[in-house]
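Notes for the structure review
The primary structure of each chain is shown beneath.
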Amino acid sequence: LLHLLRGSGITGLAGMAASAPLPEHPDLLLIRPLLEVSRAELEAYCRQHDLHPHHDASNDDQSFTRNRVRHDLLPRLRDLSPQVERRLLQLSEIAAVEDDFAAESLREAVEAQVTRTPDRVSLPRAVFVTLHTALQRRFIISALAELAAADASSIHLRAAVDLARTGQVGAVAQFPHGLQLRIDYEAVHIERSSAQAVIDLPLLALYAIIPMNVPGETVLSDHWRVAVTTAAPEDHTGESGFVKVDAGLSLVLRGRRNGDRFAPPGLDGHRHKLSKWMIDRKVPRDLRDRVPLLVVDDRIAAIYWKGWFVDHHFFVRESSDEAIYVHFLQD
């Protein structure tokens, strides 16, 4: 009844479980062996065995909602339905079974697709939008509980589900306890508001301009280096790109600037705004200024975003073309 008055969902209507992990201590199992024994039965047992249980006077204080339900609301309901306790127990059992079914359905639908860090629970957006609304809500509730043992109001849940279905990339729905739902091009994230994006890609510091050693190596960050050679590296992988560059030209890595244009491969040299290209490639908004651009004499020769994209003008077409190889290395 308390959960119902507070706007609970089906999990709350299920009430207490006979056994369940202790809140905030999941390694301990809490067992309630007398959960289905009525107060009248307990009192009769005590009289029969001459037991004298302690009476907690705080249970009579009707400034507590729980006691007002027990001493005022339940007797009124009993006048309308003498079997109200039994009916409530039936509702609890039905809700518990259906709650368990919904939880299992969610696990089967998404568990293989979910990724987790200490600060974030993520699900591909393409998976989320195919779920029934009940499972969409349950995924959010489950992730919130996983991160902070937190719950959310019905208003918060409706707004978050609507945002995850139809919101623009980068949109955020706030929850209590410093949690949020955020969407990007690929996933729905339930996360701490302070969580940092985890991107395992070579990215530049904002406004960085890094002259390249040709040939040689250049440090990008604590974890990434970039090597430039005039021959293909022996461990040639998808991290390596090659561009046609005349001898003596200066090479730098930098982030994007207003007005940058780029002629992507496959478009016969037609140049596009770099900002539009990044949107089309689904580069997250907060990373677009940090994507490495290989610039040759102030012209973008190549872009690295999950692989190399070489400008049409710098694309190597003949074996006789003078080329350099650019290779990212992770420490």
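Our subject is the structure listed above.
Residues numbered from 1 in each chain as written. Predicted model: local features only at pLDDT ≥ 70, side-chain atom pairs only at ≥ 80, totals over all residues. Heavy atoms only, no water.

1. So, the environment of Arg138
What counts, and what does not: Only DSSP runs of H or I reaching four residues or more are called helices, and only runs of E reaching two or more are called strands; each is numbered from the N terminus. For this analysis, residues touch if any pair of their heavy atoms sits within 4.5 Å.
Within the fold, Arg138 resides in helix 7 (residues 133–148). For Arg138 and Ala148, which are 10 residues apart along the polypeptide, the C-alpha to C-alpha distance reads 15 Å. The residues touching Arg138, leaving out its near neighbours within four places in the chain, are Ile10, Thr11, Asp99, Ala102, Ala103 and Leu106.

2. Details of helix 4 (residues 65–80)
Heads up, the condition is: Helix span, as expected, comes to 1.5 Å for every residue beyond the first. To get the bend at a residue, fit one axis to the 7 residues ending there and another to the 7 starting there, then take the angle between the axes. Relative accessibility decides the category of a residue: with a 1.4 Å probe and only protein chains considered, values under 20% of the type maximum give buried, values over 50% give exposed, and everything between is partly exposed.
Along its 16 residues, helix 4 runs 21 Å from first to last C-alpha, staying within 8% of the 22 Å computed at 1.5 Å per residue. Maximal helix bending in helix 4 amounts to about 35 degrees, located at Leu73; proline Pro75 follows within four positions. Looking only at helix 4, the buried set comprises Asn67, Val69 and Leu74.

3. A look at the packing of helix 4 against helix 5 (residues 84–110)
Spelled out, the test is: All axes here are fitted lines through C-alpha atoms, helices being fitted over the stretch that makes contact, and every angle between N-to-C directions spans 0 to 180 degrees. Oblique is the label for any angle not covered by the other classes, which are roughly parallel (under 35 degrees), roughly antiparallel (over 145) and roughly perpendicular (65 to 115). Amino acids are sorted into nonpolar (Ala, Val, Leu, Ile, Met, Phe, Trp, Tyr, Cys and Pro), charged (Asp, Glu, Lys and Arg) and polar (every other residue, Gly among them).
Where helix 4 contacts helix 5, the two axes come as close as 9 Å, and the packing angle between them is 100 degrees. Between helix 4 and helix 5, the angle is such that the two are roughly perpendicular. Each of Leu74, Leu77 and Arg78 in helix 4 lies in contact with helix 5, whose residues at this interface are Val84, Glu85 and Leu88. Within the contact of helix 4 with helix 5, the residues separate by chemical class into four nonpolar, no polar and two charged.

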